[in-house]
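For reference, the chains in residue letters:
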Amino acid sequence: MNDDAPKAQPSTGMWAIEADAAPDSPCFVIDLGALEENLRILADVQRRADCKILLALKGFATWSTFELVSRYLSGGAASSPHEAQLAREGLGGEVHVYAPAFSEADLREVLRFADHVVFNSFSQWQRLGAIALEAGVSCGIRINPEHREVAVALYDPCAPGSRLGVTAATFRPESLEGIEGLHFHTLCELDSDALERTLVSVEEKFGAYLPQMKWVNFGGGHHITRPSYDRERLVRLVRDFKARYGVEVYLEPGEAIAIRTGVLVATVLDVIENETQIAILDTSATAHMPDVLEMPYRAEIVGSALPGEKAHSYRLGGLTCLAGDVIGDYSFDEPLRVGQRLTFLDMTHYTMVKTTNFNGVRLPSIALRHTDGRIELVRRFDYASYRDRLS
Ligand SMILES: *Cc1c(COP(=O)(O)O)cnc(C)c1O
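Residues numbered from 1 in each chain as written. Predicted model: local features only at pLDDT ≥ 70, side-chain atom pairs only at ≥ 80, totals over all residues. Heavy atoms only, no water.

Visitor: Where do I start with the site of the ligand in this structure?
Guide: Within the structure, the ligand sits among Ala-56, Lys-58, Arg-142, His-183, His-185, Gly-220, Gly-221, Glu-252, Pro-253, Gly-254, Glu-255 and Tyr-350. Separating an oxygen atom of the ligand from a backbone N or O atom of Gly-221 is a distance of 2.8 Å. Here an oxygen atom of the ligand and a side-chain polar atom of Tyr-350 are 2.6 Å apart. Protein contact buries 90% of the 380 Å² of open area that the ligand shows by itself. Class assignment of the residues belonging to the shell around the ligand gives a composition of three nonpolar, five polar and four charged. (Near = heavy atom within 4 Å. Polar contact = N/O pair within 3.5 Å; in protein donor to acceptor, adjacent residues only side chain to side chain. Areas by Shrake-Rupley, 256 points an atom, 1.4 Å probe, with all protein chains shown as cover. Nonpolar A, V, L, I, M, F, W, Y, C, P; charged D, E, K, R; others polar.)

As structure tokens, this is what we get:
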């Protein structure tokens, strides 16, 4: 998923998590040392760029870590009443909420928790803005600079016909009274060169309105904690932008908080044969790691290689009855044994928030690896957690 595959296996971080030390299977295990390392990097950027960095809960919402997160970041970015409530309860700091549209009921709920509310259109702003202003929140409009940086359409907010944000052609300068900020979100897993190009486009199309704003939110998709990310350029871009327009700048990454911080441990339940060797695991592509099918991408497994590269190749299949519940084809040095555990790398961001109870498959337990190596089980899912999603 990124360009910095680990060269050696350090003794801390997600590579240090022993599959057999996980208290359950399947089980997500988050390395708190690795998470804190990311948070330190983000806090350093926040300080040097003199901006505020918020955690986007869409990408990472494992609230048992929020006390730690809140020591480094300025708050949370939410897109629904429930995310807003969790941000308020767990993170404290500032809560910023944007959604492609709010119902009046949802907006009223959001206003109990929010400091900033960003509207996706001028029609939403005209319909609901007075309610938000009366609640005393700072209001903003999401703009769409129509500057494309993301290759995959599923993740490109600036693709033609996008519903996300107001384009220059439909911007209504005459309706800005009460609006204190602009928000854009154009990136996904990208470096600061992509932000630099986006800013050129934002200033070209919306620069006339920037001096009257109090804040500009640069959205998420900044892969700040990736080792190759150019943080010096980010700091410079933010500082220059602030100096040019006299605004506060917010960044709201999700992924950057949690990349390389955790694993999913799973167990081989059976090995069968149909043209190829097939191992059935106690996890699932569709229920436990849906981005393997949806994004799609190949999840890395400790000690594995592409099929055919090592002596023993397997198709790894999941526990649901969906025919396509296939995680992928892998090879290993030794034959897989029933009962053997496998470690899927980099499963903290997005994967954990996107799990489902499809087929009643039990969700992976959640454990935290403390910096002294102790592993604490913080959640084991039971029948009620499945039953209570429906009635
Ligand atoms: C998805 C999203 C984010 C977080 O994006 P990451 O790629 O996880 O950094 C932030 N803001 C908005 C509006 C988003 O849609």
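Additional details are given in the paragraphs that follow.
Visitor: Even after reading the chapter, I still don't get the packing of aromatic side chains, so can you show me in this structure?
Guide: Counted under the stated rule, the structure contains ten aromatic pairs. Between Phe-119 and Trp-125, the ring centres sit 5.8 Å apart and the planes meet at 50°, which makes this aromatic pair tilted. Assigned by exposure class, Phe-119 and Trp-125 land together as buried. Pairing Trp-215 with Tyr-250 gives two aromatic rings, centres 6.3 Å apart and planes at 90°, and the pair type is edge-to-face. In this pair, Trp-215 is assigned in strand S8 (residues 215-217) and Tyr-250 in strand S9 (residues 248-251), connecting sequence segments 35 residues apart. (Phe/Tyr/Trp six-rings, centres within 6.5 Å; stacked < 30°, edge-to-face > 60°. Buried < 20%, exposed > 50% of the residue type's maximum accessible area, 1.4 Å probe, protein only. Helix = DSSP H or I, 4+ residues; strand = E, 2+ residues; numbered from the N terminus.)

Visitor: Hey, could you run me through the side chain of Arg-233 in this one?
Guide: Among the secondary structure elements, Arg-233 is positioned in helix H7 (residues 231-245). Judged by its relative accessible area of 18%, Arg-233 is buried. At 3.1 Å, the side chain of Arg-233 and the side chain of Ser-192 are in polar contact. Leave out the neighbours within four places in its chain, and Arg-233 touches Asp-191, Ser-192, Asp-193 and Glu-196. (Contact = heavy atoms within 4.5 Å.)

Visitor: Looking at this model, I keep getting lost on the environment of Thr-371. Mind explaining?
Guide: The topology assignment puts Thr-371 in the loop between strand S15 (365-369) and strand S16 (375-379). Taking the C-alpha atoms as reference, Thr-371 lies 7.7 Å from Asp-31; in sequence the two are 340 residues apart.

Visitor: Help me out: how do you make sense of the packing of helix H1 (residues 32-49) against H7 in this one?
Guide: The axes of two packed helices give the description: the angle between them and the distance between them. Interhelical geometry of H1 versus H7 gives an angle of 35° and a closest axis separation of 9 Å. For the pair H1 and H7, the sense of crossing is right-handed. From H1, Ile-41, Val-45, Arg-48 and Ala-49 reach across to H7, where they touch Arg-231, Glu-232, Leu-234, Val-235, Val-238, Arg-239 and Lys-242. Residues that form the contact of H1 with H7 fall into these classes: six nonpolar, no polar and five charged. (Axes fitted to C-alpha atoms, helices over the stretch in contact; angles between N-to-C directions. Left-handed = near helix turned anticlockwise from the far one by under 90°.)

Visitor: Quick question: what am I supposed to make of the domain arrangement of the protein chain here?
Guide: For an interface, size is often stated in terms of accessible area lost upon the parts coming together. Here the protein chain is described as being made up of domain 1 (50-258) and domain 2 (262-347 + 355-387). Its C-alpha centre places domain 1 at a distance of 34 Å from the equivalent point of domain 2. Between domain 1 and domain 2, the residue contacts involve eight residues of the former and seven residues of the latter. Both faces considered, domain 1 and domain 2 share a buried interface measuring about 490 Å² in area, 61% of it formed by carbon and sulfur atoms. Applying the counting rule to domain 1 against domain 2 returns zero residue pairs in polar contact (both at pLDDT 80 or more). Per-class residue counts for the side of domain 1 that touches domain 2 are four nonpolar, three polar and one charged. (Domains from an automatic or database assignment. Buried area = accessible area lost by both parts, 1.4 Å probe.)

Visitor: How should the nonpolar core be read in this particular structure?
Guide: Counting residues in each nonpolar core, the largest one holds 101 residues, and the members touching the most others are Phe-119, Ile-141, Phe-171, Phe-218, Leu-316 and Phe-344. Setting aside anything within four residues of it in sequence, one finds Phe-344 in contact with Gly-262, Val-263, Leu-264, Ala-266, Leu-281, Thr-283, Met-289, Ala-299, Glu-300, Ile-301, Leu-316 and Ile-327. Of all hydrophobic cores here, the second largest spans eleven residues; its members include Met-14, Ile-17, Val-263 and Leu-345. (Core = buried A, V, L, I, M, F, W, Y, C linked by side-chain atoms within 4.5 Å.)

Visitor: It is not clear to me how the environment of Arg-108 should be interpreted in this structure. Could you clarify?
Guide: Topologically, Arg-108 is positioned in helix H4 (residues 104-110). A residue is classified by how much of its surface remains accessible, and Arg-108, at 44% relative accessible area, is partly exposed. Once the C-alpha coordinates of Arg-108 and Pro-81 are considered, the two residues, 27 residues apart in sequence, prove to be 8.9 Å apart. Of the polar contacts made by the side chain of Arg-108, one reaches the side chain of Glu-104; its length is 2.9 Å.

Visitor: Help me understand the sheet that holds strand S5 (residues 116-119), please; the structure alone is not making it clear to me.
Guide: What links the strands of a sheet is backbone hydrogen bonding, and the strands pair in either a parallel or an antiparallel sense. Read around the barrel, eight strands follow the order S2-S3-S4-S5-S6-S7-S8-S9 and close on themselves; strand pairing throughout is parallel. Sheet twist, expressed as the average angle between the axes of neighbouring strands with direction ignored, equals 25°. With three bridges joining them, S8 and S9 adopt parallel strand pairing. Residue pairing for S9: Val-216 is matched across the bridge by Val-249. Against the sheet, helix H3 (residues 81-91) engages strand S2 (52-56), strand S3 (75-78) and strand S4 (94-98), with an angle of about 175° to S3. (Pairing = 2+ DSSP bridges.)

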